[in-house]
Amino acid sequence: MYTENIKKDVLLFVKATLTNQIAKFLPGFYVRITAQTGRGEGEGNSDEIADYFYQCCRDYREQLGLDEAEFRAYLSDKTILEYGPGDILGVALLLRAYGAKTIHCVDRFPLNKISEKNMLVYQALINRLAGDEKQRAMSVFNVPGDPESGFNRDIIEYSVTNSGLSGETDIYDLIISRAVLEHVNDLEATFLDIKNALKAAGTSIHKVDLKSHGLDRYRPFDFLTWSNASYRLMYSHKGFPNRWRVNKYVQAAQNARLSIKNLAANETLSHEKIDTIAPYLAEDFRNISKEELSWLSFWMVLEHVD
Ligand SMILES: C[S@@+](CC[C@H](N)C(=O)[O-])C[C@H]1O[C@@H](n2cnc3c(N)ncnc32)[C@H](O)[C@@H]1O
């Protein structure tokens, strides 16, 4: 394990191990008080948060290789699954506005809530739309246009399951996630859920963030130097990163018999920085190529194997 201050790290280990027990027995409570969204460190105002959801949809469109008009045509009447939407169902609302039939959001933690702040975000999302798209966005609520009335489950359904998985078979045209797969505790089970829930001609798109989520202490990626056993004791119940690198995702896709249509890093760490941490890596990461180790985040697009 890499350290520059052993006392500080022992204290961190003890504290993190104790709080992991809180997270084990009171998971909803723990995740609510420490919750991260995919939206980054500083929580912005409602317009900035709305920007984030518009950007998510643009990214999904680009991963599909479609222009604006093609994206809307593609979404028409589609049934969509989103893993781990976080506290605001902004992507689901926009996909519905653009033409999707239904969106099912499934999470392991009950983060979704209709707070004052979140209602302003829904309003900001709707205010930027016009015509039919605005009407469709408003229709996601029990009382059209009123977030306080809650989501109409026939259009946007939100469910929390023990595993964060859908358990469905052959019903979704599109399955998406962003900043979620790096948190799942059983990657193989998640890929199997994608495989089972996706229709034969469906597509599944995931943005995966391999960064440390604030767990590096001295150098980039030093969170990969805790032994597997220590890391598990400290973080296994907190929804923190599972630490798997891109090679594990490729393996999980192959094991589930999903074909990888696109796999691309969109941020990388320099090889020099990898070199400084390489001698201290935990066992699971020692045989990964430098190139794969350098990936900080990536996109993965999956389809059924023909
Ligand atoms: C960093 S947040 C990202 C939220 C949202 N996708 C965004 O981009 O803002 C991670 C999400 O993954 C969810 N999550 C964590 N572990 C999960 C699991 N095993 N299965 C499904 N979702 C999980 C969290 O509850 C949370 O909603």
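Conventions adopted
- Residues numbered from 1 in each chain as written.
- Predicted model: local features only at pLDDT ≥ 70, side-chain atom pairs only at ≥ 80, totals over all residues.
- Heavy atoms only, no water.
- Helix = DSSP H or I, 4+ residues; strand = E, 2+ residues; numbered from the N terminus.
- Buried < 20%, exposed > 50% of the residue type's maximum accessible area, 1.4 Å probe, protein only.
- Core = buried A, V, L, I, M, F, W, Y, C linked by side-chain atoms within 4.5 Å.
- Salt bridge = Lys/Arg side-chain N within 4 Å of Asp/Glu carboxyl O.
- Phe/Tyr/Trp six-rings, centres within 6.5 Å; stacked < 30°, edge-to-face > 60°.
- Lys NZ or Arg CZ within 6 Å of the ring centre and 35° of its normal.

The name given to the chain in an unreviewed UniProt entry is Methyltransferase domain-containing protein, with Methylomonas albis as the source organism.

(A) Region of interest: unusual backbone geometry. At Phe221, a position not held by glycine, the phi torsion is positive, near 70 degrees. The residue Phe221 is located in the loop between strand 7 (198-209) and helix 9 (228-235) in this model. Using a relative accessible area of 3% as the deciding quantity, one classes Phe221 as buried. Not every positive phi belongs to a glycine, and Arg243 is a case in point at roughly 75 degrees. With respect to the helices and strands, the residue Arg243 is situated in the loop between helix 9 and helix 10 (246-255).

(B) Highlighting helix 5 (residues 90-97). Within helix 5, 8 of the 8 residues are buried, which leaves it mostly tucked inside the rest of the structure. One or two positions beyond helix 5, positive phi appears at Gly99, with a value near 135 degrees.

(C) Representation of the nonpolar core in the model. With 44 residues, the main nonpolar core has Phe53, Leu93, Leu94, Leu95, Leu125 and Ile156 as its most contacted residues. Listing elements by their share of this core, those giving two or more residues are helix 3 (46-64), helix 4 (68-75), helix 5, strand 2 (102-107), helix 6 (116-127), strand 5 (156-160), strand 6 (172-178) and strand 9 (295-304). Ranked by residues supplied to this core, first place goes to helix 3 with 9 residues.

(D) Layout of the pattern of salt bridges. All chains considered together, the criterion is met by 16 salt bridges. Between Arg128 and Asp51 there is a salt bridge, and its shortest N-O distance comes to 2.8 Å. Of the two residues, Arg128 sits in the loop between helix 6 and helix 7 (131-138) while Asp51 sits in helix 3, which places them 77 residues apart along the sequence. On the basis of relative accessibility, which here comes to 37%, the residue Asp51 falls in the partly exposed class. Among the salt bridges present, the one from Glu267 reaches Lys211, with a minimum N-O distance of 3.0 Å. Taken together, the residues Glu267 in strand 8 (residues 258-268) and Lys211 in the loop between strand 7 and helix 9 connect sequence positions 56 residues apart. We classify Glu267 as partly exposed; its relative accessible area is 36%.

(E) View of the packing of aromatic side chains. With the rule as written, the count across this model stands at 15 aromatic pairs. Aromatic pair Tyr122 and Phe141: ring centres 5.6 Å apart, planes at 70 degrees, arrangement edge-to-face. Taken as a pair, Tyr122 in helix 6 and Phe141 in strand 3 (residues 141-143) lie far apart in primary sequence, 19 residues in all. Above the face of the Tyr98 ring, Arg72 is positioned so that its terminal group lies 4.2 Å from the ring centre. A cation sits over an aromatic face here: Lys248 above Trp244, 4.0 Å from the ring centre.

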